[in-house]
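Remarks on the overall topology
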Amino acid sequence: MKQPGPDHPIAILPHPGRIRVVLNGAVVAETRAALSLQEGGYLPVLYIPRADARLEHFTPSARRSHCPYKGDASYYDLRAGDAQRGDAVWSYEDPFPAVAAIRGHLAFYPDRVDAIEQD
């Protein structure tokens with residue numbers, strides 16, 4: 001486990017406004033309680049509370065990954081109508097203490113959904 005610091009900063013902030021994730025015309029997640037995780041030189045990633053996702057569109061995937069700063073991630077496939085996108089969503093079920101705020105949240109690959117709308 002690595003700790004965020006000056007050489008690899010991580011900030012988690014509330015995201016203002018609403019986020020809506022759409023696949024094949026179906027809203028698969030919508031929230032006003034998203035978190036924005038800003039890590040090092042990467043683009044910010046929006047994390048949506050699991051309670052604000054329509055889990056009937058999600059199927060657990062066999063994929064797993066590890067981040068030395070955040071922990072072990074699990075993945076989900078998305079399905080809406082005849083559209084299916086593999087490993088489109090990830091979640092840190094038991095994140096490291098420095099990023100504990102993202103527990104119970106989901107993140108979406110923007111290129112594996114039709115839209116991530118913000119207002």
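Remember, it's a predicted structure, so these values are computed and weren't measured experimentally.

What follows is about the sheet that holds strand 6 (residues 58-67). Spatial strand order, 1-4-5-9-8-7-6: 7 strands in an open sheet with antiparallel pairing. The sheet is open, and its two borders are formed by strand 1 (10-14) and strand 6, each paired with just one other strand. For this sheet, the mean angle separating the axes of adjacent strands, direction not counted, is 35 degrees. Sheet topology places strand 8 (residues 83-91) next to strand 9 (residues 105-108); 2 bridges connect them, and they run antiparallel. What sits directly across from Val89, in strand 9, is Phe108.

Attention now moves to unusual backbone geometry. Phi is positive for Asn24, which is not a glycine, with a value near 55 degrees. On the secondary structure map, Asn24 appears in the loop between strand 2 (19-23) and strand 3 (26-31). One non-glycine residue, Asp87, adopts positive backbone phi at about 45 degrees. Mapping Asp87 onto the fold places it in strand 8.

Reading guide: rules and limits
- Residues numbered from 1 in each chain as written.
- Predicted model: local features only at pLDDT ≥ 70, side-chain atom pairs only at ≥ 80, totals over all residues.
- Heavy atoms only, no water.
- Pairing = 2+ DSSP bridges.
- Helix = DSSP H or I, 4+ residues; strand = E, 2+ residues; numbered from the N terminus.
- Axes fitted to C-alpha atoms, helices over the stretch in contact; angles between N-to-C directions.

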